[in-house]
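# Structure at a glance
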Amino acid sequence: MINQKTLKYLRLTFSYLFLLVMVAIVAYPILWMIGASFNSGDSLYSSTMFPKKPTLEHYRELVTNSDYPFHLWYLNTLKVASLTALLGVILCSTTAYAYSRFRFAGRKYGMMAMLVIQMFPSFMNIVALYVLLNMVGLLDSHMGLVLVYAGTNIPFNAWIMKGYFDTIPKSLEEAALIDGASRMTIFWKIMIPLAKPIIAVITIFHFVIPFGDFILARILLTSYKKYTLTIGLFSLVNNQFGKNWTTFTAGALLMAIPIVIVYMSLQKYFISGLTRGATKG
Amino acid sequence: MTPQTNAVSKNITVTGTKRYIAAILSAICMGFGQIFNGQFVKGIVYIIIYIFAIISGLDFWKYSYWGLTTMGETPGKDHSLVIMIESLVGVVLFLIVLGIYILNIIDAYKNGKLRDQGYRVPGIKQTIKNVVDQGYALAYLSPGMIFLILVTLIPLLFTTLIAFTNYDLYHSPPAKFIEWVGFNNFKMIWSFGGWKRTLTYVFSWTVVWTVLSTVSTFGLGLFVALILNQKDIKGSKIFRTILILPWAVPALVSILIFTGLFNTNFGPINDLLAFFHLGPVRWLEDPTWAKIAVLLVNLWVGFPFQMALCTGILQSIPQDIYEAAMVDGASPFQKFFKITLPLVLYSTAPLIIMQMSYNFNNFNVIYLFNQGKPPIIGLRDAGGTDILISWVFKLTLDKLKYNYAAALSLIIFIIVAGFSIYNFRRTRSFQEEDMLQ
């Protein structure tokens, strides 16, 4: 029995040590970024995690400077993100509902074809999208970007959502059908409320797209005032303003904050919703 | 008698040739077969679709044919790329009409068969009910499908076409027209020494990268989830919240930060190594170290997703399995390898396949971290950490070799799609899907 007890202590000690190391590895780059944003000066390499003279100048510069419209980029990103989330959830939930509840020819292979087609790895696609958007006059517009974001992300998200819908028993709908409810009513009044966790997950997945993508935005948006944060911030480190690293970290931090808050607050949905959707557990 | 019940009794005698006549009539003109079967309303609807398609579609398809064969005739005015895409829209519309046309023939044949068997064809009321039922599926599917056709299918077809043209810096519209060159691009990539060498180098690293990046993120994610899932760990909620952070920080930000952290001369990571009298490691300049660095960055960015997923699965494994194993005297290792691991792998299999194909095309990490560098002598426009996708990106946007880029995209796609389809079909969720419900 003593042996058991030592084993337990060993196991727990190892576990806590491991977790602490992981926390350090995870936290270090983030803390370093936060530290850099309060450093004075522009260079990444002279900055330290604990600045000797902490300053808010980079944050002030972001808000007040006249060279680039940071607040516009921020608003643009929030706008594109919200619209993408809205459209994406509508498209994914309808597609997922069809695949989950209706039996039609080619259903199984349709689902697989959808997943496989989106693996096509091409930047030539962007050329095609450029021409298509130009045809309908949506080039350099946020609407065009939203349509592309929502469209290209249907397969994976609809697949996860379908997995979740599959775990919702059909008997509820059948009962409602007998009571004379229409398919529309069933979808809105039964499926959607029951699928709240996965809808939360899919909403976030769509909401963060504009915060992660920069290639599509870089090519489809041309005017400076319509930029989203990613290309705006990237131009800050890469383009005409030289290496404004510290300002970049300040902007990046401001960009990350809303997403981190949302992720943290919806964490429980991630674990339950995602697992149930992706594995039908 | 409804058609559904007919299907059950297959041994009913079929006499007459009405089904063939109906099918042939519908093939000649959409709707004729339905009228022949006595379904006037349905027939007229089909005829209207038919006339509408011919009137509005014919010019469109003539244009598509002209566009795809000539790629423009008037220099300075016709833009080959625009013409190709407009033509493709026509081709997709044509395929949709073709689909309706085939459905119409099948429908005429089926109802003709009903008549041959001596039943009455469904009347307009029954038809509307059927259409409404089928229509629901279509109504729910079509918004997503329309988007997918526009933003993924047409671009895919477009790239496929470009792979068979000479579209590059020297044949770039609107000044010049693009021309068809058959399989030339593929031959060129395969036969020309420098290209073949680059392809082999980049491809082998891509495969190594795909396997290692997927296995490492999954392995670490699962391990952390297991540690946190021990009942006697205190504060597991706080640990989980902190460890999920890398998932929430936008990848663009964290990857760029890592570029700074891994800097050979000023980076804090080398500072840390120097503290232990190690290094300096040339993280960004040495091909092997750069590969390791990019794998580590990907591990940091990617493990929280796997951790969240594995946590959910671990929590859903019923505890009595473990209790039973304990009664049977199983060791912790046996419990892990005989119960936990199989169950987790079993339910994550489809997701791991997707993760692999995602990593195969994981452009962001590779390009943002180091732009695929360091350069390697003898490789064509590719560096030490370039995977196929980032190489294609360089060929497209930096070198403007669109034709080669498209040909490579097509090769990549065939590999990834083949791998994924093969594996999807073997997963439990694909094979047993309908049995589960």
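Residues numbered from 1 in each chain as written. Chains lettered and ligands numbered in written order. Predicted model: local features only at pLDDT ≥ 70, side-chain atom pairs only at ≥ 80, totals over all residues.

## Some words on the overall build of chain A
Worth spelling out the cut-off: Per the convention used, a helix needs a DSSP run of H or I reaching at least four residues, while a strand needs a run of E reaching at least two, with both numbered from the N terminus. For a compact globule the rule gives 2.2 Å times the number of residues to the power 0.38, and the radius of gyration it is set against comes from C-alpha atoms. Any residue with 12 or fewer other C-beta atoms within 10 Å of its own C-beta is exposed, any with 20 or more is buried, and the rest are partly exposed; the C-beta atoms used are placed from the backbone. Distance between backbone-placed C-beta atoms decides contact: two residues are in contact if it is within 7 Å.
For chain A, the count of helices and strands is 15 helices and 0 strands. In terms of overall size, chain A is more extended than a compact globule, its C-alpha atoms giving a radius of gyration of 24 Å where 281 residues would be expected to give roughly 19 Å. Its C-alpha atoms give chain A principal-axis dimensions of roughly 75 × 70 × 35 Å. Classification of the 281 residues of chain A by burial places 48% in the buried group. Counting contacts in chain A only where the partners sit at least 6 residues apart, residues at least 24 apart contribute 73% of the total.

## Quick notes on the overall build of chain B
Regarding its fold elements, chain B presents 19 helices and 0 strands. On C-alpha atoms alone, chain B measures out to a radius of gyration of 30 Å, which is more than a quarter above the 22 Å that the 2.2 N^0.38 rule sets for 437 residues. Each principal axis of the C-alpha distribution contributes one length, and for chain B these read about 90 × 75 × 35 Å. Here chain B holds 437 residues, and the buried ones make up 39% of them.

## Observations regarding the domain arrangement of chain A
By a widely used convention, the size of an interface equals the accessible area lost when the partners come together. Just so we agree on the cut-off: For the domain bounds, the source is a domain assignment made automatically or taken from a database.
The domain boundaries assigned to chain A delineate domain 1 (2-60) and domain 2 (69-279). Between the C-alpha centres of domain 1 of chain A and domain 2 of chain A the distance comes to 31 Å.

## Notes on the packing of helix α3 (residues 70-101) of chain A against helix α10 (residues 196-207) of chain A
Each pair of packed helices gets described by two things: the angle between the helix axes and the distance between those axes. Residue and element names in this part refer to chain A. Applicable threshold: Whenever a helix is involved, its axis is fitted only over the stretch in contact; in every case the axis is a line through C-alpha atoms, and angles between N-to-C directions fall within 0 to 180 degrees. Small angles under 35 degrees read as roughly parallel and large ones over 145 as roughly antiparallel, with 65 to 115 read as roughly perpendicular and the rest as oblique. Crossings are assigned a handedness: left-handed for a near helix turned anticlockwise from the far helix by less than a right angle, right-handed for a clockwise turn. Any residue that is not Ala, Val, Leu, Ile, Met, Phe, Trp, Tyr, Cys, Pro, Asp, Glu, Lys or Arg is counted as polar, Gly included; the first ten are nonpolar and the last four charged.
Close contact between α3 and α10 brings their axes to 8 Å; oriented N to C, the two are set at 135°. The angle between the axes of α3 and α10 places the two elements in the oblique class. The element α3 and its partner α10 pack so that their crossing is right-handed. Listed contacts from α10 to Ala81, Thr84, Ala85, Gly88, Val89, Cys92 and Ser93 of α3 are Ile199, Ile202, Thr203, His206 and Phe207. For the contact of α3 with α10, the per-class residue count stands at 7 nonpolar, 5 polar and no charged.

## As for the domain arrangement of chain B
For chain B, the assigned domains read domain 1 (3-162) and domain 2 (185-436). For domain 1 of chain B versus domain 2 of chain B, the separation of C-alpha centres amounts to 43 Å.

## Focus: the interface of chain B and chain A
Each partner contributes to the interface: chain B provides 80 residues, whereas chain A provides 70 residues. Take the side of chain B that touches chain A: its biggest share by element is 18 residues, from helix α6 (residues 124-162) of chain B. Across the side of chain B that touches chain A, the residue classes break down as 59 nonpolar, 20 polar and 1 charged.

## Remarks on helix α14 (residues 245-265) of chain A
Where we set the bar: To estimate how far a helix should extend, the number of its residues minus one is multiplied by 1.5 Å. Note that the bend at a residue is defined as the angle between axes fitted to the seven residues ending at it and the seven residues starting at it.
Here α14(A) is 21 residues long and its end C-alpha atoms lie 30 Å apart, about the 30 Å a rise of 1.5 Å per residue gives. Along α14(A), the sharpest kink reaches roughly 30°, centred on A:Ala256 and followed within four residues by the proline A:Pro258.

## Overview of the environment of A:Gly277
Residues and elements named next belong to chain A. Looking at the secondary structure, you find Gly277 in helix α15 (residues 267-279). Between the alpha carbons of Gly277 and Leu129 there is a distance of 30 Å; along the sequence they are 148 residues apart. Leaving out residues up to four positions away in the same chain, Gly277 has contacts with Ile160, Met161, Gly163, Tyr164 and Ile198.

## Notes on the environment of A:Leu10
Tracing the backbone through its elements, the reader meets A:Leu10 in helix α1 (residues 2-37). As for A:Leu10 and A:Gly232, which are separated by 222 residues in sequence, their C-alpha atoms are 50 Å apart.

## Some words on the confidence of the model for chain B
Residues and elements named next belong to chain B. For the record, the criterion: For every residue, the predictor assigns a confidence score, pLDDT, that lies between 0 and 100.
For chain B, mean pLDDT is 83; residues scoring 70 or higher make up 95% of the total. Contacts of residues 1-10 to residues separated by more than four positions or lying in other chains number 7 contacts, the stretch itself having pLDDT below 50. Under the prediction, the complex receives an ipTM of 0.84, its pTM being 0.83.

## Digging into unusual backbone geometry
For the bond running from B:Lys373 to B:Pro374, omega is 5°, close enough to zero to count as cis. Mapping B:Pro374 onto the fold places it in the loop between α16 (363-370) and α17 (388-398). Phi at A:Asp140 takes a positive value of approximately 55°, unusual for a residue other than glycine. Relative to the elements of secondary structure, A:Asp140 occurs in the loop between α5 (124-135) and α6 (142-152).

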